[in-house]
Amino acid sequence: MLDYATLKIIWWALVGVLLVGFAIMDGHDMGVGTLLPFAGRSDEERRVVINTVGPHWDGNQVWFITAGGAIFAAWPLVYATAFSGFYWALLAVLWALFFRPVGFDYRSKIHDARWRSTWDWGLFIGGAVPPLIFGVAFGNLLQGVPFQFDDYLVSTYTGSFWQLLNPFALLAGVVSSAMITMHGGAYLAHRTEGVIQSRAVSGAQGAAALTVLAFVTAGLWLRFGGIDGFALAQSPAPNGLPDPLAKVVVRSADGWWSNYRHVPALWALPMLGVLGAAGAAALVGARRTLSAFIASSLSMLGIIGTAGAAMFPFIMPSSSMPSASLTVWDSVSSPMTLTLMLGATVIFMPLIVLYTGWAYRVMRGKVTVEHIRANEHTAY
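Residues numbered from 1 in each chain as written. Predicted model: local features only at pLDDT ≥ 70, side-chain atom pairs only at ≥ 80, totals over all residues. Heavy atoms only, no water.

**Considering a nonpolar patch on the surface**
Taken together, Y87, W88, L94, W95, F98, F161, W162, L165 and L170 make up a surface patch of nonpolar side chains, about 990 Å² in accessible area. Along the chain, L94 turns up in helix α5 (residues 87-106). (Patch = residues over 30% accessible without salt bridge, like charges linked within 9 Å, V, L, I, M, F, W, Y side chains within 5 Å. Areas by Shrake-Rupley, 256 points an atom, 1.4 Å probe, with all protein chains shown as cover. Salt bridge = Lys/Arg side-chain N within 4 Å of Asp/Glu carboxyl O. Helix = DSSP H or I, 4+ residues; strand = E, 2+ residues; numbered from the N terminus.)

Written out as structure tokens, the structure reads:
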């Protein structure tokens, strides 16, 4: 059996893989939804856009559900505290996601312009709102979330919903929204042709430029804008039982940069974020759309990895009670739970990857207006 400290690190990495997998696989579905009202100008064009993701969008939800389940089982304190502090934000994500299954399945069932237009905007909301809120949540994590524990480890959130909408968090939301739109634009350009592809290319290039600008601005703001990071002055025992109050945490201007200072190779992550987005813009403009999709995937890996590497070992730092911050070492489940879950992951993760690969065999084909007309009763 693996020792407790190793299991904690493994599950930190696995949750990161699931979050990146969700961003890449379900992210391009959301990006296509964000571009839907703009890439499709007529009903037939919008049906083309919808049918690029319609056959497999629900399968990509597996990454979202698995990531949520992994956080619940591996980091129960993080799950409970996050749902307490981000309650209304997470509800807004769920409400936005409700538009997707109904919109995909029923949008084209009725030949009525108002009905279809309503669901087009519903699919836009389902694609645009979740990435924005997830980015805002990450922006708040980097600043610290106002929560604390009592002696019985009952968490209390002392902030409000409106406090989450601070300027830096909104900038992080722009980073998230832009990179998802870039990714969706690259995918849409790969699956379409003609005027729809041209609009997708323009959307992907604009979103890529915004991704780089917002990402670099957020990094400079985090370093020079007066946002203090977190650091462990006294670390809990890596093999010890979870106790989020058994440590000393300090805040400092370079708190989020200490890992980069000690491991310079980590700078490859932000470089990947910037160069991947720039490469995606150049490649999609040259109509090398599959390469652009891969480049945008690497960009998202770099951007999400940048935040994860900066915060390690913190998962959910507390601004009101720094010593209560949740870390990799003190917010996890028991060794038995982590071991059993690891065994299940070894079995089921390859199945998820194989299913994803099978579902994306459709990426070899184009969706056209002629295809929609020929499959009027079966197309989305």
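**Focus on helix α7 (residues 167-191)**
For α7, with 25 residues, the first-to-last C-alpha span of 36 Å sits near the 36 Å given by 1.5 Å per residue. Of all 25 residues in α7, 22 are buried; the element is thus mostly enclosed. (Expected span 1.5 Å × (residues − 1). Buried < 20%, exposed > 50% of the residue type's maximum accessible area, 1.4 Å probe, protein only.)

**Examining the pattern of salt bridges**
With the rule as written, the count across this model stands at nine salt bridges. Here R100 makes a salt bridge to D26, at a shortest N to O gap of 3.4 Å. With a gap of 74 residues between them, R100 in helix α5 and D26 in helix α1 (residues 4-39) connect regions that are remote in the sequence. One exposure class covers both R100 and D26, and it is buried. One salt bridge connects D254 with R261, and the closest N-O pair in it is separated by 3.3 Å. A single network of salt bridges, built from pairs that share partners, joins D43, R46, R107, R116 and D120.

**Describing the nonpolar core**
By size, the foremost hydrophobic cluster in this structure holds 99 residues, and its most contacted members are W11, F86, W256 and M316. Apart from the residues within four sequence positions on either side, M316 is in contact with V78, T81, A82, F86, L141, V145, F147, S325 and L326. (Core = buried A, V, L, I, M, F, W, Y, C linked by side-chain atoms within 4.5 Å. Contact = heavy atoms within 4.5 Å.)

**What to know about the packing of α7 against helix α8 (residues 194-224)**
Interaxial distance between α7 and α8 falls to 7 Å at its minimum, and their mutual angle equals 150°. Judged on the interaxial angle alone, α8 and α7 are roughly antiparallel. Crossing angle aside, the handedness with which α7 passes α8 is left-handed. Among the residues forming the contact of α7 with α8, the class breakdown is 22 nonpolar, five polar and no charged. (Axes fitted to C-alpha atoms, helices over the stretch in contact; angles between N-to-C directions. Parallel < 35°, antiparallel > 145°, perpendicular 65-115°, else oblique. Left-handed = near helix turned anticlockwise from the far one by under 90°. Nonpolar A, V, L, I, M, F, W, Y, C, P; charged D, E, K, R; others polar.)

**Observations regarding the confidence of the model for the protein chain**
Predicted confidence across the protein chain gives a mean pLDDT of 90, with 97% of residues reaching 70 or more. Ranking the elements of the protein chain by mean pLDDT puts helix α13 (residues 369-374) last, at 80, and helix α10 (residues 268-285) first, at 97. (pLDDT = per-residue confidence, 0-100.)

**Observations concerning the side chain of S325**
Residue placement: S325 occurs in the loop between β5 (314-316) and β6 (326-327). Reaching out from S325, the side chain makes a polar contact with the backbone nitrogen of S318 at a distance of 2.8 Å. Each residue touching S325, except ones within four places of it in the same chain, is listed here: F147, F230, P244, K247, V249, F314, M316, P317, S318 and D330. (Polar contact = N/O pair within 3.5 Å; in protein donor to acceptor, adjacent residues only side chain to side chain.)

**Quick look at the packing of aromatic side chains**
In total, this model carries 24 aromatic pairs according to the counting rule given. For the ring pair W12 and F312, a centre distance of 4.8 Å and an interplane angle of 65° mean the geometry is edge-to-face. A residue pair is termed long-range when its members are at least 10 positions apart, and W12 in helix α1 and F312 in the loop between α11 (289-311) and β5 qualify at 300 residues. Residue W12 is classed as partly exposed on the basis of its relative accessible area, which comes to 28%. Consider the rings of F22 and F64, whose centres lie 4.9 Å apart with planes at 25°: the pair is stacked. Here F64 lies in helix α3 (residues 57-74) and F22 lies in helix α1, a separation of 42 residues in the sequence. Taking relative accessible area as the criterion, F64 reaches 23% and is therefore assigned partly exposed. The ring of Y4 carries K8 above its face, with NZ or CZ at 4.3 Å from the centroid. (Phe/Tyr/Trp six-rings, centres within 6.5 Å; stacked < 30°, edge-to-face > 60°. Lys NZ or Arg CZ within 6 Å of the ring centre and 35° of its normal.)

**Side note on α11**
In a regular helix each residue adds 1.5 Å, so 23 residues correspond to 33 Å; α11 covers 33 Å between its end C-alpha atoms and thus fits that length. Taking burial as the measure, the 23 residues of α11 include 17 buried ones, the bulk of the element.

**Re unusual backbone geometry**
Cis geometry marks the peptide bond from F312 to P313, where omega comes out at 5°. Tracing the chain through its elements places P313 in the loop between α11 and β5.

**Some words on the environment of R287**
The topology assignment puts R287 in the loop between α10 and α11. Using a relative accessible area of 39% as the deciding quantity, one classes R287 as partly exposed. Between the C-alpha atom of R287 and that of V20, which follows or precedes it by 267 residues, the distance is 25 Å. Those residues within four positions of R287 in sequence are excluded, and the remaining contacts are Q197, S198 and V201. There is a polar contact of 3.3 Å between the side chain of R287 and the backbone oxygen of G285.

**Examining the side chain of T81**
With respect to the helices and strands, T81 occurs in helix α4 (residues 76-85). Apart from the residues lying within four places of it in its own chain, the contact partners of T81 are F147, F149, S155, M316 and L326.

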